[in-house]
Amino acid sequence: MRRYRADAGVAAAQAGTLIGRSVSVPPPQRVFLTGASSGLGAALARHYAAQGATLGLVARRGEALAALAASLPVRCYTYPVDVTDAVALAAAGADFMAH
């Protein structure tokens, strides 16, 4: 019986091969990010934009969201919403999914 390391397949996939075959992972097409106006959220927005994803950007600071969206080379939908407002956050998610 052969034994395989559990993480061997993951490591191979990350390296771009899986048992000698090329692995093609499509880029994300739609990403909905909260906390997108700064820090990690903005960094993730830049990362996914570089991969060509359509972005839904959520944060309380609308001006910062607009500035970030204007700096990105992809389609962005901005939602100046406080994530503690469940109704507004759900509406933002629904709007993003409708586009």
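Refer to the structure printed above.
Residues numbered from 1 in each chain as written. Predicted model: local features only at pLDDT ≥ 70, side-chain atom pairs only at ≥ 80, totals over all residues. Heavy atoms only, no water.

Inspection of the entire model under this criterion finds three aromatic pairs. Judged by centre distance (6.2 Å) and plane angle (50°), the rings of Phe 32 and Tyr 79 are tilted. Residue Phe 32 is found in strand 3 (residues 30–34), and its partner Tyr 79 is found in strand 5 (residues 76–80); the two are separated by 47 residues along the sequence. The exposure class of Tyr 79 is buried, given its relative accessible area of 9%. Measuring from ring centre to ring centre gives 5.6 Å for Phe 32 and Phe 96, while their planes differ by 40°; the resulting arrangement is tilted. Here Phe 32 is found in strand 3, whereas its partner Phe 96 is found in helix 4 (residues 86–98), with 64 residues between them in sequence. Members of the aromatic cluster, joined through ring pairs, are Phe 32, Tyr 77, Tyr 79 and Phe 96. (Phe/Tyr/Trp six-rings, centres within 6.5 Å; stacked < 30°, edge-to-face > 60°. Helix = DSSP H or I, 4+ residues; strand = E, 2+ residues; numbered from the N terminus. Buried < 20%, exposed > 50% of the residue type's maximum accessible area, 1.4 Å probe, protein only.)

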